[in-house]
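Survey of secondary and tertiary structure
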Amino acid sequence: MSEHEEHEDGDPLPECPPMVSRDLKSILVTSVLQLEEIDVGLYRGKNHWIPLSRRLFGGQIIGQALVAAAKSVGDHLYAHSLHCYFVRAGDPDIPVLYNVDRVRDGRSFCVRSVKAIQRGEPILVLQASFHLDQPSPLMHQFSMPEVPPPEDLLSLEDLIRFVLGRKPDLEQKVKQGFNKVLANEVPIEVRPVNPLQFSREVTTEPKRMFWVRARGHIGEGNMKLHVCVAAYISDYSFLGTTMMSYPAKRVKMMASLDHAMWFHNTFRADEWMLYEVNSPWAGGSRGLVQGRLWRRDGVLAASCCQEGLIRLTAPKDRSKL
């Protein structure tokens, strides 16, 4: 969308802000994904960004668990896949312990199992496989969708300010939610490709795309760290894609059940990547979402999949006796 394209009701969207300096070290590196080593294979992670649900952000637990697993393998091995289950909601008010089990050490593959623990009970169980990078005669991928570049799009924060300014009669609960998002800075930058999908005012297919990157600078030379940051990013605004076909429905509870990722190529998580997300199925109070993270040059960096629990608020009975 160009910066002067009009909204469906005729209101022009605000101009895209100029690019800002990004010299500061990414908070994902200096804080969120920094683990304290307590003992051999045992780490403690602190919490940073807290979603409106007041539960720990699932991407943070995945990212921290992957950091713990990566600390136990050699520098020549890189994560190529992870699979995890969320078994309890995380409490943002206490740190998380990560216990790493060295399942297998082979010549070209290593497998690690990680338990994320609070109050003596697991909140997430993750298994990650690490691989020695090897050449392959088999190479193919889908084509990256054609979308406007991130510089031509509005940030999530700018879209929120636009909606708040354009709709003063919004429900108080919605206003409070938007203001909390603005007050509690997410450590990643997001620029939706289609702003109309962000507002949930229209019914669309459960598909969306947005540009995403870590705030701040991470730099080159540490692919293990970029993979952990991508794991953090992968859970952002992921399961909510299931609700795009039901704008009138109100969610009572939404929680991730499991999450999987496959890492295909090198990338930098502090540079713009296109996140292409769709929900091919929902039913039984569950929804399935799939995602692809594309490098800006069209290379497929990673694939993701998640199933989540979705419970809706029962409609009010408006009948009169």
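In this text, all values refer to a predicted model and were calculated from it rather than measured experimentally.

Procedures and definitions
- Residues numbered from 1 in each chain as written.
- Predicted model: local features only at pLDDT ≥ 70, side-chain atom pairs only at ≥ 80, totals over all residues.
- Heavy atoms only, no water.
- Helix = DSSP H or I, 4+ residues; strand = E, 2+ residues; numbered from the N terminus.
- Buried < 20%, exposed > 50% of the residue type's maximum accessible area, 1.4 Å probe, protein only.
- Pairing = 2+ DSSP bridges.
- Core = buried A, V, L, I, M, F, W, Y, C linked by side-chain atoms within 4.5 Å.
- Axes fitted to C-alpha atoms, helices over the stretch in contact; angles between N-to-C directions.
- Contact = heavy atoms within 4.5 Å.

The next point concerns the side chain of Ser81. As for its placement among the helices and strands, Ser81 is situated in strand β3 (residues 77–86). When its relative accessible area of 8% is taken as the criterion, Ser81 is described as buried.

With that out of the way, let us pick up the pairing of strand β2 (residues 42–45). Of the two faces of β2, only the one carrying Tyr43 and Gly45 is buried; Leu42 and Arg44 on the other face are not. Sheet topology note: the strand β1 (residues 35–39)/β2 ladder contains four bridges and is antiparallel. In the strand pairing of β2, Glu37 is matched with Tyr43. Two successive antiparallel strands, β1 and β2, enclose a turn made up of two residues, where Gly41 displays a positive phi of approximately 75°. Here β2 runs beside strand β4 (residues 96–105); their pairing, made up of four bridges, is antiparallel. Counterpart to Leu42 in the pairing with β4 is Asn99.

Glancing now at unusual backbone geometry. Phi is positive for Arg119, which is not a glycine, with a value near 55°. Within the secondary structure, Arg119 is located in the loop between β5 (109–118) and β6 (121–132). Since its relative accessible area comes to 64%, Arg119 is described here as exposed. Residues other than glycine seldom take positive phi values, yet Ser285 does so here, at roughly 60°. Relative to the elements of secondary structure, Ser285 occurs in the loop between β10 (273–283) and β11 (286–295).

Below, the discussion takes up the nonpolar core. Ranked by internal contacts, the top residues of the largest apolar core, which has 72 residues, are Leu66, Leu82, Tyr98, Leu124, Phe130 and Phe263. The element best represented in this core is helix α6 (residues 223–234), accounting for nine residues. Residues Met144, Leu153, Trp272 and Leu300 belong to the second largest nonpolar core, which totals nine residues.

Attention shifts here to the sheet that holds β2. Overall, antiparallel pairing links the twelve strands, which are arranged β1-β2-β4-β5-β6-β3-β9-β12-β11-β10-β8-β7 in an open sheet. Each edge of the open sheet is held by one strand with a lone partner, namely β1 and β7 (188–192). When the angles between neighbouring strand axes are averaged without regard to direction, this sheet yields 25°. Pairing geometry for β10 and β11, over nine bridges, is antiparallel. Paired with Leu274 across the two strands is Trp294, which belongs to β11. Running over the sheet, helix α2 (residues 58–70) touches β1, β2, β3, β4, β5, β6 and β9 (251–263) and is turned about 50° from β6.

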